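# Observations on the three-dimensional arrangement
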Amino acid sequence: MFIVFLLFSESVYASHYQYTVEFDDSLVSAKIKLCLDGEQDNYLEIDRFIAYETLIQKPKTNKKMVGIEGRFWNIKEFAKNTCLNYEVSFKDNRLKTDPKRYAFKNGSANQEIDKKIIHVEENNWLWLPEKRGYSDIIEIEFHIPENYKISTPWHRLDFEKNRYRLGYEPQEWGYHLIIGEIDLSIITIGKNRILNIATINASSQASSTTQSINNWLENIAKSIKYYLGQFPLKQMQIIVYPQPGIKRSPVPWGEVSRGNGLGILFVIRSDHDIKDFYSDWTASHEFAHSILPKLRYPDIWLSEGLASYLQYVLMAQNKQLTTEQAWRRIYKGLQKGLKGTQLVSKEKLLDVSNNRKTGPRSGRTMRIYWSGAAYFLKADIKLRAESNGKVGLSDILLKLSNCCLKGKKVWIGDALASKLDELSDTNLFSILYKNMAYSSAFPKFNKEFEMLGFQVTDNSIELGEFKENQLSKTIMTASNKTRNQN
Ligand SMILES: [Zn+2]
């Protein structure tokens, strides 16, 4: 342990927090031991007051109790290399006590629901150093009964020991920790890139089995790998909640969380045939969110936009759509954005997200999603035009994923645009950002579709004939062969 610590700590001020979390078979509580190394903070902190109520045994060292001050534990006086112990109740995290959100009702009360699983979304147990610098290391090791598995967004250090390192992304960005009788699959997506897929309470009678759902998710992850040339993150957490029944969409809900690492939760209807999943865009959309860092709320049009644009590009990469179909879907989306903009009073794009909270939603939602898609479509076309087809958005996004996805920074849209300029050695992202963010109009897009090989008639919402050309083909099939050898 000590050697590892030396290797990772360049600075004298670095500190190391080692948590050992011990669950017994019932999963109703855990004994936690925290050992401190190096220069430590004066306080440990938790972001929820509820955590005080779940403390079964208050923190203490061998010699004395730790002073509790609301959400803070005062560890000022403790010597370096101290360990302290506490115990937390997880009984309210037992999955079956929370049926409202994942609706395991409607007669599905079979014994599978009585599996022992806890799902933690609000941090009620992990007291962390108050000021965490980039040189401070936090590691957590779980001791659980052998038949239990763990799903977290954290970086797994050891696949035999359930040992993890916490990412620097703040915990209050939200995360999911699931422990118990779950199905866990570890899937490699290229060199040193791993997807961990946890499935909760899968029904053995569903048309789409856990294995076929995992294959489908692997397929989407690989479409990103082909598009960028590399899967964007070293490790990613996926959680699948199957629900019974068939509804319009096989994937009614998908959600990205970013606390301490990236995770995506999917609610699926596994009674759908597996081919319905392959023709749905939701999962491609959510995976595409992993290519941008967290943006401040007024700028979510950029992240929703990239996901809306790429959801169809990725489906074309996967041959779920032809090039032409993908372009026509994007055009339809842009038409929805235009219509949505016209439905709402004039306001600049940067105000739309906040106004959506209090005013009419649906027009604004379409404007947010598809303005951003127009932004990335225009950028992609300009990049290709300026480089004779050699460089496209996928190349710049790959560079972004190598420099800028991790960490605690919340990006402002124009800072992201400047970064994309720097990575592409252009100024087109900033110019586009200024033109769009402060405008109350939806951007024009007919010219772009002409360049892509479509016949476009003004005042018609239908695209005419399509003749595939180099530009329309290259964007949809972009894939860097040399990078993809990894
Ligand atoms: Zn989205």
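Refer to the preceding data block for the structure.
An account of the accompanying structure is given in this report. (Residues numbered from 1 in each chain as written. Predicted model: local features only at pLDDT ≥ 70, side-chain atom pairs only at ≥ 80, totals over all residues.)

### Some details on helix α15 (residues 470-477)
Looking only at α15, the buried set comprises Ser472, Ile475 and Met476. Buried residues in α15, looked at end-on, bunch into an arc of 90°, giving them a common side. Where α15 is buried, its residues contact α7 (300-317), α8 (323-343) and α10 (362-386). (Buried ≥ 20, exposed ≤ 12 C-beta atoms within 10 Å, placed from the backbone. Helix = DSSP H or I, 4+ residues; strand = E, 2+ residues; numbered from the N terminus. Arc of directions from axis to C-beta. Contact = placed C-beta atoms within 7 Å.)

### Details of the nonpolar core
One finds Val240, Leu306, Val313, Ala326, Ile330 and Ala373 to be the most contacted residues of the largest nonpolar core, which totals 118 residues. Not counting residues within four places of it along the chain, the set of residues in contact with alanine 373 comprises Gly305, Ser308, Tyr309, Ile330, Gly333 and Leu334. (Core = buried A, V, L, I, M, F, W, Y, C linked by C-beta atoms within 7 Å.)

### Points about the sheet that holds strand β14 (residues 177-180)
As summarised here, the arrangement of the three strands in space is β8-β14-β11, forming an open sheet in which the pairing is antiparallel. At either margin of the open sheet sits one strand with a lone partner, and together these are β8 (117-120) and β11 (149-151). Strand-to-strand twist across the sheet, computed as the mean angle between neighbouring axes with direction ignored, equals 10°. Looking at chain direction, β8 and β14 are connected through four bridges and run antiparallel. Within β14, the position partnered with isoleucine 118 by the bridge is isoleucine 179. (Pairing = 2+ DSSP bridges. Axes fitted to C-alpha atoms, helices over the stretch in contact; angles between N-to-C directions.)

### Considering the sheet that holds strand β15 (residues 183-188)
The sheet built from five strands is open, its strands ordered β15-β16-β17-β19-β18 with mixed pairing. Strands with a single pairing partner mark the edges of an open sheet, and in this sheet they are β15 and β18 (253-257). If you compare each strand with its neighbour and ignore which way they point, the axes differ by 20° on average. Of the strand pairs in this sheet, strand β16 (residues 194-199) and strand β17 (residues 235-243) are connected by six bridges, and their pairing is parallel. Each residue of the ladder has a partner; that of alanine 198, found in β17, is isoleucine 239. The sheet contacts of helix α4 (residues 210-228) involve β15, β16, β17 and β19 (263-269), and relative to β16 the element is tilted by about 150°.

### Considerations on unusual backbone geometry
A positive phi angle, close to 60°, is found at leucine 27, a residue other than glycine. With respect to the secondary-structure elements, leucine 27 resides in the loop between β1 (15-23) and β2 (29-38). One non-glycine residue with positive phi stands out, namely asparagine 162, at about 55°. Under the C-beta neighbour-count criterion, asparagine 162 is labelled partly exposed, with 19 such atoms within 10 Å.

### So, the packing of helix α9 (residues 349-358) against α10
Running from N to C, α9 and α10 point in directions that differ by 140°, and their axes come no closer than 9 Å. In terms of their interaxial angle, α9 and α10 are classed as oblique. Here the hand of the crossing between α9 and α10 comes out left-handed. Seen from α9, the contacting residues are Leu349, Val352, Ser353, Asn355 and Arg356; seen from α10, they are Arg364, Thr365, Arg367, Ile368 and Ser371. Along the lines of polarity and charge, the residues of the contact of α9 with α10 split into three nonpolar, four polar and three charged. (Parallel < 35°, antiparallel > 145°, perpendicular 65-115°, else oblique. Left-handed = near helix turned anticlockwise from the far one by under 90°. Nonpolar A, V, L, I, M, F, W, Y, C, P; charged D, E, K, R; others polar.)

### Comments concerning α7
Residues spaced three or four apart along an α-helix point in a common direction, a consequence of the helix completing one turn every 3.6 residues. Its 18 residues give α7 an end-to-end C-alpha distance of 25 Å, which sits within 8% of 26 Å, the value for a rise of 1.5 Å per residue. The buried fraction of α7 amounts to 17 of the 18 residues, a majority that puts the element mostly inside the structure. Following α7 by one or two positions, lysine 319 has its phi on the positive side, about 60°. (Expected span 1.5 Å × (residues − 1).)

### Section: the environment of isoleucine 268
Note that isoleucine 268 resides in strand β19. Residue isoleucine 268 is classed as buried on the basis of its C-beta count, with 27 C-beta atoms lying within 10 Å. Along the chain, isoleucine 268 and glutamine 243 lie 25 residues apart, while their C-alpha atoms are 6.0 Å from each other. For isoleucine 268, the residues in contact, after removing those within four places along its chain, are Ile213, Val240, Tyr241, Pro242, Pro250 and Val251.

### Things to note about the pairing of β18
One ladder, built from five bridges, connects β18 with β19; its direction is antiparallel. Pairing of tryptophan 253 across the sheet is with valine 267, part of β19. Turn length for the β18-β19 hairpin, with the two strands adjacent in sequence and antiparallel, is five residues, and the turn residue asparagine 260 shows positive phi of about 60°.

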